[in-house]
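# Observations on the model geometry
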Amino acid sequence: MMSGGAGGAIFGPELEAAGERLEFDDVGERQKFDAAGVGLRIKEKLRGLDVSTHIEEAGRVHQTGDGIARVTGLQNAVSGELLEFENGITGIAMNLEKDYIGAVLLGKDSGIHEGDFVVRTGRVAHVPVGDALLGRVVDALGHPLDQKGPVHTTLSQRIERIAHGVLARKPVNTPLLTGIKAIDAIVPIGRGQRQLIIGDRQTGKTALAVDTIINQRDSGVNCVYVAIGQKNSTISGLVSTLGEYGALRYTTVVVAGASDAAPLQYLAPYSGCAIAEYWMERGLDTLIVYDDLSKHAVAYRSLSLLMQRPPGREAYPGDIFYLHSRLLERAGRLSDDFGGGSLTALPIVETLGSDMSAYIPTNVISITDGQIYLETEAFNAGIRPAINPGLSVSRVGGAAQTSAMKSIAAPIRTDLAQYRELAAFSQFSSDLDADTRDRLRHGERIVEALKQPRYKPMSLDDEILVLLAVTRRLMDGIDIDEIADFERGLITWFELWNRPLLDELHSGYAFGGDLEQRMLAQIKRFRDEFEAGRAGGGAIGDDAQ
C-alpha cells in the first residue's frame, strides 16, 4: 500500500535495504526508484518460500460412546492407522466398513461429539523405546506414570510388528534361571522360550513371575512387566517389591489398569513387547511377563462386541487366537546374523475352577512352548510354589538346563509321580510294605525340599546342592519339619568350608571326574554334623574348624 506523504516508503522497511528510498517532490511525482534492487529482494524471498501442498483427508464423527467412535468420510484410511479427533484425542482405525470406520479411542470419549472433525495422520501407533525406559512405570502409550518426569528418548517403535521369521532364529538352548528350584529342575525355561504360567486365582502365578525378574539381577537380562486389568493398589505394591529387591533398575513396568479404557488394555502387551524387542534386536537378552492374557482377551472381546463384530465361542470374536499368536510369536532367540538377542515370554492365564480346557487357556497352551500349572489344592496344603509336576511341562526340556542340573534333576519327576500315586492309595490302607513306606518317605522329602519362600530366588549352585542331597536320598533320615533348617545349614556349610567345590562346579556347571563324589562326601559329613548337633544341641560345623 503506497504512502501519501512526502518521503514515504512504498514497500516498507524490508525492501529499503535493497532499493533506494522513494522520494517525491512537492507535487507528488516520483523522482528516483531502484527497480533492480527491489526485484532482487523479491526473488530472494520467493526462493525460500515453501510452495509444497499438504492435503489432509478429514471426516466426521457419526456416533460415539463406550470408547468407540464411528467415523464417516475417511475413504482412504488403513487398518491400524492413527486418527486425530477435534478435541485432540487419538484413535486407532480397527473396523473398515463400506460406509463407516470403527475407531477405538485412546482416551476418554466425553469430549467427542457427533459431527466433530476427524483427520487421518498417516501414521500407525508407536511407543517410546530405549534404555531411558529402564526403571520407569509407563502406560500403554509410553507416557510416564511414576512422577519421575518425562521419558528422555527420541527412539520409538511400532506397537504392532510382524514376528521374525524362521531363518532369523536359532534354537533355544541357553537357560534362563528363575531361582526357583521346582521350575529350574522340572520345567526349565530357556532364553527365547514362551512358557505359560496357568492356574486359578490366588495360587502364586504373579509371585513366580516376580521371583524370575528378581533373579535376573546380575544376569544382564532386561525385563518388562505388563500389568493388564489389575487394581492400581496391586500394581503399586508390585512396583514397590521390585524396587525393594533392586530389580526395578533393569525393569520397565507397562500398566493398563482395571480403571483404564479397554483399548489401552488391548494395546498394553503389544507396547511392552515393542519395548522389549528394541533390546532383543540389539543383541541383549530380554524377559517379558504378560499378567495376564485372560483379562487381555476380555478387553478385546469388549472392543469387538462394541464394534459389532460377530461373536463366536464364549462371545469371543473369531480372531481371538490371532490376538495372542501374533503377540507370543514375537518372542524367540535371534540368530547371530540378526544380533543374537533373545526375548523370553512368560504369559499368565487365569483358569476358573481349575479348568484348563476352557477357550483361552487351550488357545494359549497351543501357542506356547510349555506350561507351569499351579493347583489350588497344593497351594492350600502349604506347598509353595504349588506346581503340579504332572501337568507342567517344558517343550524345550533339558536343552535349557546345564549338564549338572540335568543329571541331578532327571529322577525328580518320576519320583514325584510315584509318590503322588502311592500317597493316594495309602489313604485306604494302613498296612504298607517297607518299599512303599520308603518311596513315600523319599517323596515327602522331595516335596518339602522343593518348597521355597516368596521373593527368595536361589543361585544355581545352591539349587544343585539341595537337589543333589535330596535326589541321592541323603535327606531321607531327616525329619520333615527339619528339612528347611537342613537346607540352610547345608548351603552355609559349603559357603564356609567347601568353597573350592562350589567354584569348581560353577566353572562349568558340569559334573566332571569325581566332583559329584566329593560333593556327596561333604554332604554326608554335614548330615552327620547336623544329626549330632540336633541330638546334642551343639553348633553345626564345629568339627570342621
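Procedures and definitions
All residue numbers refer to position in the chain's written sequence, counted from 1. Only residues with pLDDT of at least 70 are given local features in this predicted model, and only at 80 or more are side-chain atom pairs given and counted; all residues enter the totals for whole chains, interfaces and linings. Side-chain descriptors were evaluated using all non-hydrogen atoms of the structure, hydrogens and water having been removed beforehand. Helix numbers and strand numbers start at the N terminus; a helix is a DSSP run of H or I with at least 4 residues, a strand a run of E with at least 2. In this scheme, a residue with accessible area under 20% of its type's maximum is buried, one over 50% is exposed, and one in between is partly exposed, where area comes from a 1.4 Å probe on protein chains only. Residues are treated as being in contact if the distance between any of their heavy atoms lies within 4.5 Å. To be clear on the numbers: accessible area is Shrake-Rupley with a 1.4 Å probe, and residue cover counts the displayed protein chains and nothing else. Planes of paired rings set the category: under 30 degrees apart is stacked, over 60 is edge-to-face and the rest tilted, where pairs are Phe, Tyr or Trp rings (Trp by its six-membered ring) whose centres lie within 6.5 Å. For a lysine, the NZ atom is tested; for an arginine, the CZ atom; a charge sits over a ring if that atom is within 6 Å of the ring centre and within 35 degrees of the ring normal. Residues belong to a common nonpolar core when they are buried Ala, Val, Leu, Ile, Met, Phe, Trp, Tyr or Cys residues joined through side-chain atoms within 4.5 Å. DSSP calls a pair of strands paired once it identifies at least 2 bridges connecting them. What makes a salt bridge here is a side-chain nitrogen of Lys or Arg within 4 Å of a carboxyl oxygen of Asp or Glu, nothing more. Structural elements are reduced to axes, namely lines fitted to C-alpha atoms, with helices fitted over the stretch in contact, and the angle between N-to-C directions of any two is expressed from 0 to 180 degrees. Throughout this description, any angle smaller than 35 degrees is read as roughly parallel, any larger than 145 degrees as roughly antiparallel, any in the 65 to 115 degree range as roughly perpendicular, and the remainder as oblique. Under this grouping Gly is polar, as are all residues other than the nonpolar Ala, Val, Leu, Ile, Met, Phe, Trp, Tyr, Cys and Pro and the charged Asp, Glu, Lys and Arg. The score called pLDDT rates the predictor's confidence residue by residue, from a low of 0 to a high of 100.

## Let's talk about the overall build of the chain
A tally of regular secondary structure across the chain gives 17 helices and 19 strands. A burial count over the chain gives 49% of its 545 residues as buried. For the chain, long-range pairs separated by at least 24 residues make up 71% of all intrachain contacts whose partners lie at least 6 apart in sequence. Working note: accessible area of the chain is about 25600 Å², and carbon and sulfur atoms make up 51% of it.

## Some details on the packing of aromatic side chains
We describe a pair of aromatic rings using the distance from one ring centre to the other and the angle between the two ring planes. Applying the stated criterion across every chain, the model contains eight aromatic pairs. Relative to Tyr300, the ring of Tyr266 lies with its centre 5.4 Å away and its plane at 25 degrees, an arrangement referred to as stacked. With Tyr266 in helix α6 (residues 262–280) and Tyr300 in helix α7 (residues 293–306), this pair connects stretches of sequence that are 34 residues apart. Assigned by exposure class, Tyr266 and Tyr300 land together as buried. When the ring centre of Phe117 is taken as reference, the NZ or CZ atom of Arg60 above it lies at 4.0 Å. Arg384 extends its terminal NZ or CZ atom over the ring of Phe379, reaching a point 3.8 Å from the ring centre.

## Some remarks on the nonpolar core
Ile213, Ile372 and Ile412 are the most contacted members of the largest nonpolar core, which has 74 residues in total. Of all the elements, helix α14 (residues 460–471) adds the most residues to this core, at eight residues. Setting aside chain neighbours within four positions, we find Ile213 in contact with Cys223, Tyr225, Leu242, Ala247, Tyr250, Thr251, Leu287 and Val289. Judged by nonpolar contacts, the second largest core, of 58 residues, contains Ala140, Leu267, Ala268 and Ala274.

## Details of the pairing of strand β17 (residues 342–350)
Side-chain direction in a regular strand flips from residue to residue, so the side chains alternate between the two faces of the sheet. Where burial is concerned, most of β17 is hidden: eight out of the nine residues are buried. Where strand β12 (residues 196–199) and β17 come together, three bridges link them in parallel fashion. Across the sheet, the residue bridging to Ile197 is Ile348, located in β17. With seven bridges joining them, strand β15 (residues 285–291) and β17 adopt parallel strand pairing. From the neighbouring strand, Asp291 faces β17, where its bridge partner is Ile348. Where strand β16 (residues 332–333) lies against β17, two bridges are found, and the strand directions are antiparallel. Residue pairing across strands places Gly332 opposite Leu343, the latter belonging to β17.

## Some thoughts on helix α4 (residues 205–214)
Counting buried residues along α4, nine of its ten residues qualify, which places the element largely inside the surrounding structure. When α4 is considered as a whole, its buried residues turn out to be Lys205, Ala207, Leu208, Ala209, Val210, Asp211, Thr212, Ile213 and Ile214.

## Let's talk about the pattern of salt bridges
In total, this model carries 30 salt bridges according to the counting rule given. Between Arg120 and Glu57 there is a salt bridge whose closest N-O contact spans 3.0 Å. Of this pair, Arg120 sits in strand β8 (residues 117–124) while Glu57 sits in the loop between α2 (35–47) and β3 (58–65), and the two are 63 residues apart along the sequence. Note that Arg499 is salt-bridged to Glu495, the shortest N-O span being 2.7 Å.

## Side note on the sheet that holds β3
The strands that make up a sheet are held in pairs by hydrogen bonds between backbone atoms, and each pair lies either parallel or antiparallel. Ordered in space as β3-β4-β7-β6-β5-β8, the six strands form a closed barrel in which the pairing is antiparallel. Here the average twist between neighbouring strands, direction ignored, is 45 degrees. The pairing of β3 with β8 spans three bridges and is classified as antiparallel. When the bridges of β8 are listed, Ala58 appears paired with Val119.

## With respect to the packing of helix α13 (residues 434–450) against α14
The relative placement of two packed helices comes down to the angle between their axes together with the axis-to-axis distance. Packing of α13 against α14 leaves a shortest axis separation of 10 Å and a crossing angle of 170 degrees. As far as their axial angle goes, α14 and α13 are roughly antiparallel. Between α13, through His442, Arg445, Ile446, Ala449 and Leu450, and α14, the contact on the second element is made entirely by Val466, Leu467, Val470 and Thr471. Taken together, the residues of the contact of α13 with α14 sort by class into six nonpolar, two polar and one charged.

## Description of the confidence of the model for the chain
This prediction gives the chain a mean pLDDT of 88; 89% of its residues lie at or above 70. Below pLDDT 50 for its whole length, residues 541–545 participates in ten contacts with residues either more than four positions away or in separate chains.

## With respect to the environment of Gly229
Along the chain, the position of Gly229 falls in the loop between β13 (222–228) and α5 (232–244). Separated by 69 residues in sequence, Gly229 and Val298 place their C-alpha atoms 9.5 Å apart. Not counting chain neighbours up to four residues away, the residues in contact with Gly229 comprise Ala256, Gly257, Ala258, Gln265 and Lys295.

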